[in-house]
Amino acid sequence: MAAASQRSPTPRLQRRDSQGRPPQDGYGVYTYPNSFFRYEGEWRGGKTHGHGKLLFKDGSYYEGEFVDGEIMGEGCRLWVSSGNTYSGQFVLGEPQGHGTMKYKDGGRYEGEFSRGLREGHGCLVDQDGQVYQGSFHNNRRHGRGQMAFQNGDKYDGDWVRDQRQGHGVLWCADGSTYEGQWHSDVFSGLGSIVHCSGVGYRGMWINGHPVAQATRTVILGPEVMDVAHSSSFTLRVELQQDNGEVAESEDGRVLKISAGVRYVQLPAYSEVSFFKVDEGSQELPIQTPFGFECIAYPLSSPTSGGPELSATPESASTDSPLPQGDLEVTMVSNVLCDQEDTPGRLSAGGGMPRCPEDCRRVERGRAQFTDVCLGPPPPGYHPIPFLDSKHEKASSRPRGSLGPGRMTPTVRDPPAGSREQDSVGSYPAESQPG
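Residues numbered from 1 in each chain as written. Predicted model: local features only at pLDDT ≥ 70, side-chain atom pairs only at ≥ 80, totals over all residues. Heavy atoms only, no water.

A. Structural detail: the overall build of the chain. Helix and strand counts for the chain stand at 2 helices and 34 strands. The proportion of buried residues among the 434 residues of the chain is 40%. When the accessible surface of the chain is totalled, it reaches about 23,200 Å², and 50% of it is carbon and sulfur. (Helix = DSSP H or I, 4+ residues; strand = E, 2+ residues; numbered from the N terminus. Buried < 20%, exposed > 50% of the residue type's maximum accessible area, 1.4 Å probe, protein only. Areas by Shrake-Rupley, 256 points an atom, 1.4 Å probe, with all protein chains shown as cover.)

Rendered as structure tokens:
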């Protein structure tokens, strides 16, 4: 009786029978004839059904649900050849539905799959920590999506086969912003950019470069102006393209105006006198593109009531001697915050800083400096008037009326009545008899 009772229970683990057939029902282990597959798990009617683990000869495996001999339902899969692992839904042996794929290089994707590929909506984090969240097609970013880049930039817009294409907005880490059309991952088409400094461009782009970008700064009006001390004058500036048209698509560039006097040390009784320079002067001459040097000359603004920020405080002394006649100075327009082809690299924040007194911000390719006045001479530089009548010939040249508060340009005008900022004008400062 005892021996009979020991033989009656059916063993839980079934192996293939002596004829090599797989288990019929319950839990069993089966090695397939080609020896590449080995299955451990539940069976029903001679087929894998329920929960089980299918091992591959190369070390790969699947563990999860089976239905009528097929991998179907929730499970986990490891591919030894790639090192990737997937956990989620399966259909006929392939990831399909919602799941998570972990890549060997450290990346991770969570979202929808179809036939083993990323398809639909999901979130992809690459090995560098960059995050994309949006639509996928055929394993690529495709459709609408947002991406946070490693350098801090963020993009929200259209994608085509892993590249930004269509309409999108780029927020740069430094505060610059671009909104418009993209093609092959670069600005292309109609778009606008606002640099973190406030510089802006609105217009067409080709291969990441603005089509109507300004290439030169032009100061309008006569080439030479005779300006008396304390007389205000106005300068109008345009940003122009190569063809001479105003670059109205540009905003926000900050232009600075400064003045300089030609630096020439002449004897006190020379036919043309300039400034006498104190021997102990610390003022260093500035080299110009015309082969001569100049010294900075301060400007003042009626609105501020004093010298501009570009002038040193000592130069504001009202006791300094002034020329008896007019003073010809070099007017220079400098671009303080220029636009690059790509979003800029200034401090973040995206705000538009306030311009100093000697600066103006460009609007639609134009800027205007109004009520600009010449300040007192710099310290250590003393104007020398002509001393006797032998210089009358030099002083009899036609000059404009230079009464207080008035400005008269010379007759000589450049072609088209403008001069370019590329050249620092060669305008010597002279002291002429009143």
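Once you've had a look at it, read on.
B. Quick peek at the pairing of strand β9 (residues 108-114). Two strands pair when backbone bridges link them, and strand β8 (residues 94-102) and β9 are joined in this way by 6 bridges, in the antiparallel orientation. Residue pairing for β9: histidine 98 is matched across the bridge by glutamate 112. Count of turn residues in the β8/β9 antiparallel hairpin: 5 residues, of which glycine 106 carries a positive phi of about 110 degrees. Where β9 meets strand β10 (residues 117-125), 6 bridges bridge the pair, whose relative direction is antiparallel. (Pairing = 2+ DSSP bridges.)

C. Representation of the packing of aromatic side chains within the structure. According to the stated counting rule, one finds 24 aromatic pairs in the structure shown. Aromatic pair phenylalanine 187 and tryptophan 205: ring centres 5.1 Å apart, planes at 80 degrees, arrangement edge-to-face. One end of the pair, phenylalanine 187, is in strand β16 (residues 186-194); the other, tryptophan 205, is in strand β17 (residues 200-206), and 18 residues separate them in sequence. The buried category is assigned to phenylalanine 187, whose relative accessible area is 7%. Across the ring face of tyrosine 61, the terminal group of lysine 53 is positioned such that the distance to the ring centre comes to 4.8 Å. (Phe/Tyr/Trp six-rings, centres within 6.5 Å; stacked < 30°, edge-to-face > 60°. Lys NZ or Arg CZ within 6 Å of the ring centre and 35° of its normal.)

D. Spatial organisation of the pattern of salt bridges. This model, assessed by the stated rule, comprises 11 salt bridges. For the salt bridge of arginine 144 with aspartate 156, the shortest nitrogen-to-oxygen distance reads 3.6 Å. On the criterion of sequence distance, the pair formed by arginine 144 in strand β12 (residues 140-148) and aspartate 156 in strand β13 (residues 154-160) is long-range, its members being 12 residues apart. The residue aspartate 185 makes a salt bridge to arginine 164 at a minimum N-O spacing of 2.9 Å. You can see aspartate 185 sitting in the loop between β15 (177-183) and β16 and its partner arginine 164 sitting in strand β14 (residues 163-171), a full 21 residues away along the chain. Assessed through its relative accessible area of 29%, aspartate 185 is described here as partly exposed. In this structure, a network of salt bridges that share partners links the residues Glu238, Glu248, Arg364 and Arg366. (Salt bridge = Lys/Arg side-chain N within 4 Å of Asp/Glu carboxyl O.)

E. The arrangement of unusual backbone geometry in detail. Even without glycine at this site, leucine 92 takes up a positive phi of about 50 degrees. Along the chain, leucine 92 falls in the loop between β7 (85-91) and β8.

F. Quick look at the nonpolar core. In this structure, Leu170, Tyr178 and Phe187 are the most contacted members of the largest nonpolar core, which totals 27 residues. Ranked by size, the runner-up nonpolar core spans 21 residues in total, among them Leu255, Ala259, Tyr297 and Val372. (Core = buried A, V, L, I, M, F, W, Y, C linked by side-chain atoms within 4.5 Å.)

G. Geometry of the confidence of the model for the chain. Across the chain, the average pLDDT comes to 73, with 64% of residues at or above 70. Of the regions scoring below 50 in pLDDT, residues 1-13 engages in 4 contacts with residues more than four places distant in sequence or in other chains. The low-confidence segment residues 304-353 (pLDDT under 50) makes 154 contacts with residues lying over four places distant or belonging to another chain. (pLDDT = per-residue confidence, 0-100. Contact = heavy atoms within 4.5 Å.)

H. Quick peek at the environment of asparagine 138. Along the polypeptide, asparagine 138 turns up in the loop between β11 (131-137) and β12. Considered as a pair, asparagine 138 and phenylalanine 113 are 25 residues apart in the sequence and their alpha carbons are 9.4 Å apart. Setting aside its immediate chain neighbours within four residues, asparagine 138 contacts Leu117, Arg118 and Glu119.

I. Just the environment of glycine 200, in detail. Position of glycine 200 relative to the elements: it lies in strand β17. Residue classification places glycine 200 among the buried residues on the basis of a relative accessible area of 6%. Put simply, glycine 200 and glycine 252 are 52 residues apart on the chain and 5.5 Å apart in space, counted from C-alpha to C-alpha.

J. A look at a nonpolar patch on the surface. The grouping of Leu190, Met204, Ile206 and Val211 at the surface amounts to a nonpolar patch, some 390 Å² of accessible area in total. Along the chain, the position of methionine 204 falls in strand β17. On the basis of relative accessibility, which here comes to 43%, the residue methionine 204 falls in the partly exposed class. (Patch = residues over 30% accessible without salt bridge, like charges linked within 9 Å, V, L, I, M, F, W, Y side chains within 5 Å.)

K. Inspection of the side chain of arginine 141 at higher detail. Mapped onto the fold, arginine 141 is located in strand β12. Given a relative accessible area of 17%, arginine 141 falls into the buried group. Contact partners of arginine 141, with chain neighbours within four places excluded, come to Tyr132, Ser135, Phe136, Met147, Trp159, Val160, Arg161 and Asp162.

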